[in-house]
Amino acid sequence: FGKNISSGMSIPQRSLLLSALSAFVIIWKCLAPFVVVVVVSSLMIVSHSIMRDPKHIESSNEFRRRGAADSDEEGGVSDDSGELVERGDVI
């Protein structure tokens, strides 16, 4: 059953054929799916960033409240009194 390939191909030729076949299988079975996943993920990330509305994000009430509470320049009232309390039981 089958044919003896040693009579038709030399050892370097068989080695080259095996290397080329292995490279083809590696590219087809491993690299191509990886590239497809990277491309699909990139498209999803880019489409999500394009569809975001920066005006909606910046004009939300929560953004305004956080900005006013965090800024010291606008004279906002802070909840911290700034008092230090010494505890005797702490080493």
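Residues numbered from 1 in each chain as written. Predicted model: local features only at pLDDT ≥ 70, side-chain atom pairs only at ≥ 80, totals over all residues. Heavy atoms only, no water.

**Q** Can you walk me through the overall build of the protein in this structure?
**A** For the protein, the count of helices and strands is three helices and zero strands. Burial analysis of the protein (91 residues in total) assigns 1% to the buried set. In the form shown here, the protein has an accessible surface area of approximately 9,100 Å², with 63% of it arising from carbon and sulfur atoms. (Helix = DSSP H or I, 4+ residues; strand = E, 2+ residues; numbered from the N terminus. Buried < 20%, exposed > 50% of the residue type's maximum accessible area, 1.4 Å probe, protein only. Areas by Shrake-Rupley, 256 points an atom, 1.4 Å probe, with all protein chains shown as cover.)

**Q** Any chance you could explain helix H1 (residues 11-51) here in plain terms?
**A** Helical geometry: 3.6 residues make up each α-helical turn, so side chains three or four residues apart lie on a common side. Taking 1.5 Å as the rise per residue, H1 with 41 residues should run 60 Å; its terminal C-alpha atoms sit 58 Å apart, in good agreement. Taken as a whole, H1 carries its principal kink of about 35° at Leu 31; the proline Pro 33 stands between one and four residues after it. (Expected span 1.5 Å × (residues − 1). Bend = angle between axes of the 7 residues up to and from the residue.)

**Q** So what exactly am I meant to see when it comes to the packing of aromatic side chains here?
**A** Here a ring pair, both rings aromatic, is described through the centre-centre distance and the interplanar angle of the planes. Applying the stated criterion to the full structure yields one aromatic pair. Seen in terms of ring centroids, Phe 24 and Trp 28 are 6.1 Å apart; in terms of plane orientation they differ by 20°. Their pairing is stacked. Of the two residues, Phe 24 and Trp 28 are both situated in helix H1; the distance of four residues between them amounts to about one turn of the helix. For Trp 28, a relative accessible area of 51% puts it in the exposed group. One cation-aromatic arrangement involves Lys 29 over Trp 28; the distance from NZ or CZ to the ring centre is 4.3 Å. (Phe/Tyr/Trp six-rings, centres within 6.5 Å; stacked < 30°, edge-to-face > 60°. Lys NZ or Arg CZ within 6 Å of the ring centre and 35° of its normal.)

**Q** I would appreciate a short explanation of the environment of Ser 49 in the present structure.
**A** Topologically, Ser 49 is positioned in helix H1. At 2.8 Å, the side chain of Ser 49 and the backbone oxygen of Val 46 are in polar contact. (Polar contact = N/O pair within 3.5 Å; in protein donor to acceptor, adjacent residues only side chain to side chain.)

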